[in-house]
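Below are the chains, spelled out letter by letter.
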Amino acid sequence: MTHLAEPASADARAMAKTEAGMVAGADDGVVARFLAVPYAAPPVGALRFAAPAPVVAWDGVRDATQRGCIAPQYTPSAAELEKALPGLDIEPLIGGNQVRGDDFLVLNIWKPSGAQTGLPVMVFIHGGAFTGGAGAAAVYDGSAFARQGIVCITINYRLGIEGFLPIPGAPTNLGLRDQIAALKWVQTNAAAFGGDAANVTVFGESAGAMSIANLLASPLAKGLFGRAIVQSGHGDMVRPIAVAQRLVKKLAKMLRVQQTVEGFRGKSIADAVDALRRISQPTARIDLRDANGREPAFGLSKFLPVYGDDVLPDHPVTALRNGAASDVQLLIGTNTEEMNLYFVPSGVKRKIGKFLANFAVKRAEPKAKEILRAYGINERGKRPGDAFTEALTDLVFRLPARRFAQAHRGRTHVYEFAWRSSAYDKQLGACHAMELPFVFDTLATVSGPKGLAGGAPPQELAAKLNKIWADFAKTGELPWPTYDEQRLACTLDTGVVAPEQPYIAERFLP
């Protein structure tokens, strides 16, 4: 028997009946929220490195008023974060202060108060390089969407070794399989929260956006959503299984186990998280370049989804070109200065020289020298770090996102987010993740002296973006034309719609 705990605040109880049992959330009179509702069984014991299993039904009422467990991941200490990103509080973005535990395949739901039917549903997949993050991080609070008449859902999924390592004997792409299981849960249970299972929009950012690009291409996800929003993501961050198995070999050696599911299962999750920490260090030597000498993650993550299995039979871009997801409406876009998040707080943009810039890009892109030269690395008066950052912003995010838009055979809209943060003496700019607090209308979580958005970010822009996203989920309509042959993109903060300009890097890539 699961007993109902009292909500932590004076909010009233909100009740819903899922397929597995009753849940009790909290209702403040405007928004009802249900946190840590399980969509799959805990992936531990015999279920570790196995496809997601159904939730075991419970008796009584399950408390859903508190944030649940975070997926196993390495959480840097405050001192480590300060060293890597000095002066920046990223806790609201990663949710790393949540409890650890086995029951982490959960989702969080925000809905308008009271009884409704037929509400649009939005399902958000968080980012974090496929190795970190949590659906209940503060910046992803779905209350603003609920106030717009949306049922907003955020999910957890397996990460790192547990979710994105193609171990022989285990199903591949377990993290993506978790996401698909969550979307199937939505199909079965959306009505219990007033949602319409026939009107589901998936959206995500960074690794979450890459995941959605993969789900668009996956035959296993067909029919689970009708619209998709891909924020700072695309379909290029995938590896052939054979390349990813080099990582299996390296980790098996580090853990001193056989390259089998039994070998990896014989090590604790804590051991796996420690191995993930070690393999993720810049000094960890492993070649993950493909047959063309390219590394699609550009060193941002060793762990990526793989293609060549039942989840992703083909490369996602190839699948889209062949008509996959042509019935899904797509909104995709990037931020103008994506890589500033990685290179401004760390000082790399200011300090890196030509030699190291060339070396770093060469590890992922054979034509590094030509590309950096085209971005002005040798120009007098331009710092090498500026050319380096601009080139990687295009190579890692902006160019592959536009190519994904071009590959999609269905209705497509493209955006650019160019609003510049005042953080780091206005140098952080329109960096990676900057659009998130505007989309969710959660600026308070990232404002202030150490906030991502700096001091006094514009609330009116947050209200505008939250409404654009919500309206898209309701009807599929957007206040600017489709991408089509004119390659039209809308700059969200200004509302300017214009044909996109060619990217310098494009002429160097196949």
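Here the structure is a predicted model, which means the values were calculated and not measured.

Things to note about the packing of helix H5 (residues 174-189) against helix H6 (residues 207-217)
Link 1 in the chain: Put simply, H5 and H6 touch, their axes get as near as 11 Å, and they point 75° apart. The angle between H5 and H6 places the two elements in the roughly perpendicular class. The residues of H6 that touch H5, namely those facing Leu176, Gln179, Ile180 and Leu183, are Ser211, Asn214 and Leu215.
Link 2 in the chain: Grouping the constituent residues of the contact of H5 with H6 by class yields 4 nonpolar, 3 polar and no charged.

Some thoughts on the environment of Ala36
Link 1 in the chain: Relative to the helices and strands, Ala36 is located in strand S3 (residues 31-38).
Link 2 in the chain: Through-space distance from the C-alpha of Ala36 to that of Val106 is 5.0 Å; in sequence the pair is 70 residues apart.
Link 3 in the chain: Residues within four places of Ala36 in sequence aside, it is in contact with Arg62, Gln66, Arg67, Gly68, Val106, Leu107 and Asn108.

Some points on the nonpolar core
Link 1 in the chain: Counting residues in hydrophobic clusters, the biggest one holds 115 residues, and the most contacted among them are Phe34, Ile161, Leu216, Phe225, Phe264 and Phe303.
Link 2 in the chain: With 12 residues, helix H15 (residues 384-407) is the single largest residue contributor to this core.
Link 3 in the chain: The residues contacting Phe225, other than those within four sequence positions of it, are Leu183, Val200, Val202, Leu215, Leu216 and Val328.

Remarks on the pairing of strand S13 (residues 412-417)
The side chains of a regular strand alternate, first on one face of the sheet and then on the other.
Link 1 in the chain: Along S13, 6 of the 6 residues are buried, which leaves the element largely enclosed by surrounding structure.
Link 2 in the chain: Taking every second residue as pointing to the same face, both faces of S13 are buried, with Thr412, Val414 and Glu416 on one and His413, Tyr415 and Phe417 on the other.
Link 3 in the chain: Bridge analysis of strand S12 (residues 329-335) against S13 gives 6 bridges, and the strand direction is parallel. Bridging from a neighbouring strand, Ile332 pairs with Val414 of S13.
Link 4 in the chain: Taken together, the 2 bridges between S13 and strand S14 (residues 488-491) define a ladder with parallel strand orientation. Paired with Tyr415 across the bridge in S14 is Cys490.

A look at a nonpolar patch on the surface
Link 1 in the chain: A cluster of nonpolar side chains, namely Phe355, Leu356 and Phe359, defines an oily patch on the protein surface of about 370 Å² accessible area.
Link 2 in the chain: Summarising the element assignment, Phe359 is placed in helix H13 (residues 354-362).

Comments concerning empty space enclosed by the protein
Link 1 in the chain: Within the structure shown, the criterion is met by 2 cavities of 30 Å³ or more.
Link 2 in the chain: Of the volumes computed, that of the largest cavity is approximately 40 Å³.
Link 3 in the chain: For the lining of the largest cavity, the secondary-structure elements that each account for two or more residues are helix H4 (160-164) and helix H9 (269-279).
Link 4 in the chain: Of the residues forming the lining of the largest cavity, the biggest block, 4 residues, is contributed by H9.
Link 5 in the chain: Looking at the lining of the largest cavity residue by residue, the class counts come to 7 nonpolar, 1 polar and 1 charged.
Link 6 in the chain: Its volume calculated, the second largest cavity comes out at about 30 Å³.

Digging into helix H7 (residues 241-255)
Link 1 in the chain: For H7, which comprises 15 residues, the first-to-last C-alpha distance of 21 Å matches the rise-based estimate of 21 Å (1.5 Å per residue) to within 8%.
Link 2 in the chain: Residues of H7 that are buried: Val243, Ala244, Leu247, Val248, Leu251, Ala252 and Leu255.
Link 3 in the chain: Packed against the buried residues of H7 are H4, strand S10 (239-240), helix H8 (261-265), H9 and strand S11 (306-307).

Considering the packing of aromatic side chains
Link 1 in the chain: Using the criterion set out here, one finds 15 aromatic pairs in the structure.
Link 2 in the chain: Geometrically, the ring pair formed by Phe124 and Tyr140 is tilted, given 4.7 Å between the ring centres and 45° between the ring planes. With Phe124 in strand S6 (residues 119-125) and Tyr140 in the loop between S6 and helix H3 (143-147), this pair connects stretches of sequence that are 16 residues apart.
Link 3 in the chain: Of the residues examined, Phe124 reaches a relative accessible area of 1% and is grouped as buried.
Link 4 in the chain: Each ring, one from Tyr415 and one from Trp469, has its centre 5.5 Å from the other, and the planes form 65°; the classification is edge-to-face.

Observations concerning the layout of surface pockets
Link 1 in the chain: In this model, the second largest pocket occupies a volume close to 640 Å³.
Link 2 in the chain: Taken together, 29 residues line the second largest pocket, and the ones lying closest to its centre are Asp236, Asp290, Arg294, Pro296 and His315.
Link 3 in the chain: Secondary-structure elements contributing two or more residues to the lining of the second largest pocket are S10, helix H10 (316-321) and H15.
Link 4 in the chain: If one sorts the elements of the lining of the second largest pocket by residue count, H15 sits on top with 5 residues.
Link 5 in the chain: Looking at the lining of the second largest pocket, its residues break down into 16 nonpolar, 4 polar and 9 charged.

Some words on unusual backbone geometry
Link 1 in the chain: A positive phi angle, close to 60°, is found at Ala129, a residue other than glycine.
Link 2 in the chain: Relative to the assigned elements, Ala129 resides in the loop between S6 and H3.
Link 3 in the chain: Of note, Ala325 is a non-glycine position whose phi angle comes to about 60°, a positive value.

Details of the pattern of salt bridges
Link 1 in the chain: Inspection of the entire model under this criterion finds 20 salt bridges.
Link 2 in the chain: In this structure, the salt-bridge partner of Glu365 is Arg294, at a minimum N-O distance of 2.8 Å. Highlighted residues: Glu365 in the loop between H13 and helix H14 (368-374) and Arg294 in the loop between H9 and S11, separated in sequence by 71 residues.
Link 3 in the chain: Its salt-bridge partner being Arg420, residue Glu337 comes within 2.9 Å of it at the nearest N-O pair. With Glu337 in the loop between S12 and helix H11 (340-343) and Arg420 in the loop between S13 and helix H16 (423-426), this pair connects stretches of sequence that are 83 residues apart.
Link 4 in the chain: The class of Glu337 is buried, set by a relative accessible area of 18%.
Link 5 in the chain: Where salt bridges share partners, they join Asp394, Arg398, Arg402, Glu416 and Glu500 into one cluster.

Structural notes on the environment of Val44
Link 1 in the chain: Position of Val44 among the secondary structure elements: in the loop between S3 and strand S4 (61-63).
Link 2 in the chain: Expressed as a C-alpha distance, the spacing of Val44 and Ser77, which sit 33 residues apart in the sequence, is 26 Å.
Link 3 in the chain: In this structure, Val44 is in contact with Asp102 and Ile269, ignoring residues within four places of it in sequence.

As for the packing of H7 against H9
Link 1 in the chain: Where H7 contacts H9, the axes come no closer than 10 Å and their chain directions differ by 120°. With respect to the hand of their crossing, H7 and H9 are arranged in right-handed fashion. Side by side, H7 and H9 meet where Leu247, Lys250, Leu251, Met254 and Leu255 of the first sit next to Asp271, Ala275, Arg278 and Ile279 of the second.
Link 2 in the chain: Residues of the contact of H7 with H9, tallied by class, amount to 6 nonpolar, no polar and 3 charged.

Parameters and conventions
Residues numbered from 1 in each chain as written. Predicted model: local features only at pLDDT ≥ 70, side-chain atom pairs only at ≥ 80, totals over all residues. Heavy atoms only, no water. Axes fitted to C-alpha atoms, helices over the stretch in contact; angles between N-to-C directions. Helix = DSSP H or I, 4+ residues; strand = E, 2+ residues; numbered from the N terminus. Parallel < 35°, antiparallel > 145°, perpendicular 65-115°, else oblique. Contact = heavy atoms within 4.5 Å. Nonpolar A, V, L, I, M, F, W, Y, C, P; charged D, E, K, R; others polar. Core = buried A, V, L, I, M, F, W, Y, C linked by side-chain atoms within 4.5 Å. Buried < 20%, exposed > 50% of the residue type's maximum accessible area, 1.4 Å probe, protein only. Pairing = 2+ DSSP bridges. Patch = residues over 30% accessible without salt bridge, like charges linked within 9 Å, V, L, I, M, F, W, Y side chains within 5 Å. Areas by Shrake-Rupley, 256 points an atom, 1.4 Å probe, with all protein chains shown as cover. Salt bridge = Lys/Arg side-chain N within 4 Å of Asp/Glu carboxyl O. 1 Å grid on protein atoms, 1.4 Å probe; cavity = no way out; pocket = protein on both sides within 12 Å on 5 of 7 lines; lining within 4 Å. Points joined across faces, edges and corners; volume = space filled by probe spheres on them. Expected span 1.5 Å × (residues − 1). Phe/Tyr/Trp six-rings, centres within 6.5 Å; stacked < 30°, edge-to-face > 60°. Left-handed = near helix turned anticlockwise from the far one by under 90°.

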